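# Structure at a glance
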Amino acid sequence: MIDKKMKIRAEVWGNDLDRYILRHPIIAIDDVLIDAEAFFKTNSGCDFCGNCCLHGASMPRETAENLQSHLNEIVSRYIPADRRDQVGWHESSQKKELQWTNLVEIDRNKKGCCFLYKDGERYFCSIYSWAFETQRTIYDYWPFECIMYPLAILPYNGILHPGKTFITLRRKQNWFLVDVYGGIKHEGMVLGRLYREVKNLLFQRMRSWRLLDDIEILPDDCYFKKSGQYKKLSYMYFEPQLIWYFGEEFYQKVCAAARQFTSV
Ligand code: SF4
Ligand code: SF4
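The paragraphs below set out a description of the structure included in this document. (Residues numbered from 1 in each chain as written. Chains lettered and ligands numbered in written order. Predicted model: local features only at pLDDT ≥ 70, side-chain atom pairs only at ≥ 80, totals over all residues. Heavy atoms only, no water.)

### Focus: the overall build of the protein
Operational definition: By the criteria applied, helices consist of DSSP H or I runs no shorter than four residues and strands consist of E runs no shorter than two, each listed in order from the N terminus. Exposure is judged per residue with a 1.4 Å probe applied to protein chains only, and the accessible area is read against the type maximum: over 50% gives exposed, under 20% gives buried, and values in between give partly exposed. Any two residues whose heavy atoms approach within 4.5 Å at even a single point are treated as in contact. The accessible surface values rely on the Shrake-Rupley method and a 1.4 Å probe; as for residues, cover is taken only from the protein chains in view.
Within the protein, the regular secondary structure consists of 14 helices and 13 strands. With 264 residues in all, the protein has 45% of them scored as buried. Put simply, 62% of the contacts in the protein that link residues at least 6 apart link residues at least 24 apart. About 15300 Å² of surface is accessible on the protein, with carbon and sulfur atoms providing 53% of the total.

### Focus: the side chain of H70
Residue placement: H70 occurs in the loop between α4 (61-68) and α5 (71-78). Judged by relative accessible area, which is 16%, H70 ranks as buried. The contacts of H70, once residues within four sequence positions are left out, are W130, R136 and Y141.

### A short note on the pairing of strand β6 (residues 98-101)
Note the following rule: Between any two strands, pairing holds if DSSP finds at least two bridges.
Here strand β4 (residues 58-60) runs beside β6; their pairing, made up of three bridges, is antiparallel. Along β6, the bridge assignment pairs M59 with Q99. Both strand β5 (residues 89-91) and β6 contribute to a ladder of three bridges, which runs antiparallel. By the bridge assignment, W89 is partnered in β6 with T101. Turn length for the β5-β6 hairpin, with the two strands adjacent in sequence and antiparallel, is six residues.

### Some points on the packing of helix α13 (residues 239-246) against helix α14 (residues 248-263)
Selection rule: The convention used is that axes are lines fitted to C-alpha atoms, helices contributing only their stretch in contact, and that angles between N-to-C directions extend from 0 to 180 degrees. An angle below 35 degrees is read as roughly parallel, one above 145 as roughly antiparallel, one from 65 to 115 as roughly perpendicular, and any other as oblique. Ten residue types, Ala, Val, Leu, Ile, Met, Phe, Trp, Tyr, Cys and Pro, are classed as nonpolar, four, Asp, Glu, Lys and Arg, as charged, and the remainder, Gly among them, as polar.
Contact geometry of α13 with α14 gives a least axis separation of 7 Å together with a crossing angle of 130°. It follows from the interaxial angle that α13 and α14 lie oblique. Seen from α13, the contacting residues are E239, L242, I243 and F246; seen from α14, they are E248, F250 and Y251. Tallied by class, residues from the contact of α13 with α14 come to five nonpolar, no polar and two charged.

### Some words on the pattern of salt bridges
To be explicit about the condition: Salt bridge criterion: a side-chain nitrogen from Lys or Arg within 4 Å of a carboxyl oxygen from Asp or Glu.
On inspection of all chains with the given rule, the structure shows eight salt bridges. The partner of E133 in a salt bridge is R77, and the shortest N-O contact between them spans 3.5 Å. Highlighted residues: E133 in helix α6 (residues 126-133) and R77 in helix α5, separated in sequence by 56 residues. Exposure remark for R77: the relative accessible area of 42% places this residue in the partly exposed category. Between D107 and K118 there is a salt bridge, and its shortest N-O distance comes to 3.5 Å. With a gap of 11 residues between them, D107 in strand β7 (residues 103-107) and K118 in strand β9 (residues 116-119) connect regions that are remote in the sequence. Taking the relative accessible area as the measure of exposure, D107 reaches 23% and is therefore partly exposed.

Okay, here's the thing in structure tokens:
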């Protein structure tokens, strides 16, 4: 329970995560803080547009080594002949223990991860397709980053819940918290963030007064754009990832929390 003094302290001295927590419903399960709105109020499902793969992916050296002996098979099954020799990875210039997948021309004027391929109008990951079709355990081969997208698992570095872990889904409302790969620098963007905070607060109020529909304000990421009845609630859609990372028992507690949250 966060008392009034603590709230003021977090508001004044806390960081972005503290302020986000103060403004959003959070459910604690064991040592994990769940962004309830993100998991229990949005619907998720991939539309296979391929956009999340346009920057490639990083993976630890072990994942790359694990893939190496299967590379020829993956490439010959799915990748067009004219770009097979470009498939692979290279060392990250910033973190030596990480490998980055090569970026190649996927379509005319469209660059993306070398493992991406197109089937009809939809884009697929060749590592995923290969592991799935050859009945392997997909998560043994797929880069961690790709498994978890768009989940974000952050160590709590604020003052309200030190030592805990915060999980959410990457959305515009929280991109300043979840950009763990360090692509965007936030310094000097104070006005932009202030604008977003005020806007989110306003939306929250309007929703509580029933002036806005949830679906209207939440969709702002690939996963949520075509949200509708036909897509699962996000905590259900991300069941495999949540179980893989946190375990079955944890996921059952998430389901119980979701039932409680959505019935209120
Ligand atoms: S819908 Fe999202 S996750 Fe699916 S391919 Fe597009 S950007 Fe990637
Ligand atoms: S490895 Fe697969 S899922 Fe990951 S970025 Fe490349 S194509 Fe996309």
